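Coordinate analysis (summary)
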Amino acid sequence: MRLRNVTGSREMIAGSRFVVHEPALQKGRWHEAFGNDHPIHIEIGMGKGRFLMALAAANPDINYIGIEKYSTVLLRAVQKLEAQELANLRLVRMDAEEICEVFGQGEVARIYLNFSDPWPKDRHAKRRLPSRQFLARYHELLAPDGRIEFKTDNANLFDFALGELEPAGWQLEAVTRDLHHDEKLFVGNIMTEYEERFSSMGNPIYKYIIYR
C-alpha cells in the first residue's frame, strides 16, 4: 500500500491528548493512563481506527490501545477520535517490533491483528505479525488466559500463520476460512475498512483465535 504524505501529520498527532507520546514510560502502568483497572486490549496495525473505535464504544468496561506505525494513517484515527471522544481508547505511533518495551508481562488481555501486511517475500517472514517471532513477543505481554484474534483475506498469509502455531507453542481455540458465513464466529463481528472492501469483492475472510 502506497501512503500519501500528509503535511503536518506528525505535528497534529503530537498535539492530540488521545495519543500516548512516550509509551515506554507506561510499561506495567497502563491502568494509570486510563484511571481504572479494566482489562486492556490492543490492536497492532490499527489503520484508520474504525474497528477499535467501534469496540471501544460498545465496551466501556474495556480499555483499548491502538498501535500504528505510519503517521499519515494514524492521523485519520486521531481525527476520528477527536470528533467522537472515547475515554477508554488511546493511540500510539510505534513499530510493532518494540511491543515488549511498551507493555509489561501479562499486562494485555487480548491482541487483535487485522489485515496485516503479508510481507510476501520469504526473507521477510519474521516481519509478519502472526510469525513465530512475533508470537514470542506476544507471549511476554499477554495475560495467562489471553487470546489473539487474527483476520485476513490473504490465504497464503493465513496458511503461514497456522503453520507457525505449533512451533511457537500456541493452540487454536477457533478457526474459519469463511468468517462471513460462519454462524458462530461471525456473531458480533466488527468489520475493518479492508474487510468491508475485500468481502464486497467476494473474497473470503479468514480468522483464528489462539491461546497458549
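Residues numbered from 1 in each chain as written. Predicted model: local features only at pLDDT ≥ 70, side-chain atom pairs only at ≥ 80, totals over all residues. Heavy atoms only, no water.

Structural notes on the pairing of strand β1 (residues 40–44)
Counting buried positions along β1 gives 5 out of 5 residues, so the element sits mostly inside the fold. Note that β1 and strand β2 (residues 63–68) share 5 bridges and pair parallel. Paired with Ile42 across the strands is Ile65, a residue of β2. Read as a crossover between parallel neighbours, the route from β1 over helix α3 (residues 50–58) to β2 is right-handed. As judged from the 4 bridges shared by β1 and strand β4 (residues 108–114), these two strands associate in the parallel manner. Paired with Ile44 across the bridge in β4 is Leu113. (Buried < 20%, exposed > 50% of the residue type's maximum accessible area, 1.4 Å probe, protein only. Helix = DSSP H or I, 4+ residues; strand = E, 2+ residues; numbered from the N terminus. Pairing = 2+ DSSP bridges. Right-handed = clockwise from strand over helix to strand, strands pointing away.)

Observations regarding helix α6 (residues 155–168)
Count 3.6 residues to each turn of an α-helix, and residues three or four apart come out pointing the same way. Over its 14 residues, α6 runs 20 Å from end to end, which matches the ideal 20 Å to within 8%, given 1.5 Å per residue. All of the buried residues along α6 are Leu157, Phe158, Phe160, Ala161, Glu164 and Leu165. Within α6, the buried residues cover an arc of 160° as seen down the axis, which keeps them to one side. Those residues of α6 that are exposed and angled more than 90 degrees off the buried face are Asn156 and Glu166. In this structure, the buried residues of α6 make contact with α5 (132–141), β5 (142–152), β6 (171–176) and β7 (206–211). Its side-chain oxygen at 3.1 Å from the backbone nitrogen of Asn156, Asn154 defines the N-terminal cap of α6. Phi for Gly169, located one or two positions after α6, is positive at around 85°. (Expected span 1.5 Å × (residues − 1). Arc of directions from axis to C-beta. Contact = heavy atoms within 4.5 Å. Polar contact = N/O pair within 3.5 Å; in protein donor to acceptor, adjacent residues only side chain to side chain.)

Quick look at the layout of surface pockets
Roughly 180 Å³ of internal volume is contained in the second largest pocket. For the second largest pocket, the lining is made up of 13 residues, of which Glu149, Gly188, Asn189, Ile190 and Lys207 are closest to its centre. Within the residue set of the lining of the second largest pocket, elements represented by two or more residues are α3, β4 and β5. Split by residue class, the lining of the second largest pocket holds 6 nonpolar, 3 polar and 4 charged. (1 Å grid on protein atoms, 1.4 Å probe; cavity = no way out; pocket = protein on both sides within 12 Å on 5 of 7 lines; lining within 4 Å. Points joined across faces, edges and corners; volume = space filled by probe spheres on them. Nonpolar A, V, L, I, M, F, W, Y, C, P; charged D, E, K, R; others polar.)

Thoughts on the environment of Arg128
Structurally, Arg128 is set in the loop between β4 and α5. For the pair formed by Arg128 and Leu142, sequence separation is 14 residues and the distance between their alpha carbons is 18 Å. Not counting residues within four places of it along the chain, the set of residues in contact with Arg128 comprises Pro118, Trp119, Pro120, Lys121, Asp122, Phe134, Leu157 and Phe160. Within polar-contact distance, the side chain of Arg128 engages the backbone oxygen of Pro120 at 3.4 Å.

Section: the pattern of salt bridges
Applying the stated criterion across every chain, the model contains 12 salt bridges. Here Glu149 and Arg110 are joined by a salt bridge, their closest N and O atoms 2.6 Å apart. Here the residue Glu149 occupies a position in strand β5, and Arg110 occupies one in strand β4, the gap between them amounting to 39 residues. Judged by its relative accessible area of 13%, Glu149 falls in the buried class. A cluster of three or more residues bridged by salt bridges with shared partners is formed by Arg17, Glu82 and Glu85. (Salt bridge = Lys/Arg side-chain N within 4 Å of Asp/Glu carboxyl O.)

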